[in-house]
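# Chains, contacts and geometry: an overview
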Amino acid sequence: MSPLKTPAPQRNQPVDHSHHPEGNSAEPSGKRPTDSSAPGCHIPRDSEGVKVTSLLPHTNQAPGLARRYVRAALETHLEPELLDNTLLVITEMVTNAVQHALPPVILEVRHTYGHPKAIHIEVTDTGPNPRAVRLAKCSSQEENGRGNNIIAALSAENGTRLHSGTATRWAYLTAAEE
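In this report, the structure presented in the accompanying data block is examined. Model, not experiment: these values are computed from the prediction. (Residues numbered from 1 in each chain as written. Predicted model: local features only at pLDDT ≥ 70, side-chain atom pairs only at ≥ 80, totals over all residues. Heavy atoms only, no water.)

### Some remarks on the environment of Arg110
Along the chain, Arg110 falls in strand E3 (residues 105–112). Note: C-alpha distance between Arg110 and Val70 (40 residues apart in sequence) is 9.9 Å. Excluding residues that lie within four positions of it along the chain, Arg110 makes contacts with Val50, Lys51, Ile119, His120 and Glu122. Within the structure, Arg110 has its side chain in polar contact with the side chain of Glu108 (distance 2.3 Å). (Helix = DSSP H or I, 4+ residues; strand = E, 2+ residues; numbered from the N terminus. Contact = heavy atoms within 4.5 Å. Polar contact = N/O pair within 3.5 Å; in protein donor to acceptor, adjacent residues only side chain to side chain.)

Right, here's the structure in full:
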């Protein structure tokens, strides 16, 4: 398997049927992110923008991997504040998927060059983990439960789409107006 290819979908995993030009994977600036060859991460670029797609492990390392992939792909394209907010929202969304849902965890981040002040994030999983729901009822609200509030505070819009066998949490972030 080529390191730039996303692994084959597993049962109940959404399939991305969109076309990803791979002939010239360099950005318009000619730079390539250092982590674009990371296993499980696919970062196609074309004249319209960047799309980061990653099948993340269902472990506590997933949020850090997601941040690393997205930072490598987008740090030269986003304003620092929007990049920081994007990384924080990704951290919360991926953490929620790992802690409260069943695998796999699929991250998709889209940035269009023509819209340097906007980013779209999606995290897809296969729905609630019954064991995690029981544990959440026993845990303190002081220790958990702030992730959704952070996502709502930093995003212009956010929500959840339910599909047959999957749930996709999404957020749309924009840079602050000057």
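Still to come is the rest of the account.
### Here's the deal with the environment of Arg131
Structurally, the position occupied by Arg131 is in helix H3 (residues 130–138). With a relative accessible area of 53%, Arg131 lands in the exposed category. (Buried < 20%, exposed > 50% of the residue type's maximum accessible area, 1.4 Å probe, protein only.)

### Notes on the sheet that holds strand E4 (residues 118–125)
An order of E1-E2-E3-E4-E6-E5 is seen for the six strands of this open sheet, with the pairing classed as antiparallel. On the outer flanks of this sheet lie strand E1 (41–42) and strand E5 (157–163), each paired with one strand and no other. Relative to strand E2 (residues 49–56), E1 runs antiparallel, the two sharing two bridges. Among the inter-strand pairings, His42 is bridged to a residue of E2, identified as Thr53. Those strands touched by helix H2 (residues 80–100) are E2, E3, E4 and strand E6 (166–174), and its axis lies near 10° from that of E4. (Pairing = 2+ DSSP bridges. Axes fitted to C-alpha atoms, helices over the stretch in contact; angles between N-to-C directions.)

### So, unusual backbone geometry
The omega torsion across Pro103 and Pro104 is 5°, close enough to zero to call that bond cis. Relative to the elements of secondary structure, Pro104 occurs in the loop between H2 and E3.

### As for helix H1 (residues 62–74)
The terminal C-alpha atoms of H1 lie 18 Å apart, and with 13 residues this matches the ideal 18 Å at 1.5 Å per residue to within 8%. Inspection of H1 places Ala62, Pro63, Leu65, Ala66, Tyr69, Val70, Ala72, Ala73 and Leu74 among the buried residues, and these make up the whole buried set. Looking at the packing, one finds that the buried side of H1 touches E1, E2, H2, E3 and E4. (Expected span 1.5 Å × (residues − 1).)

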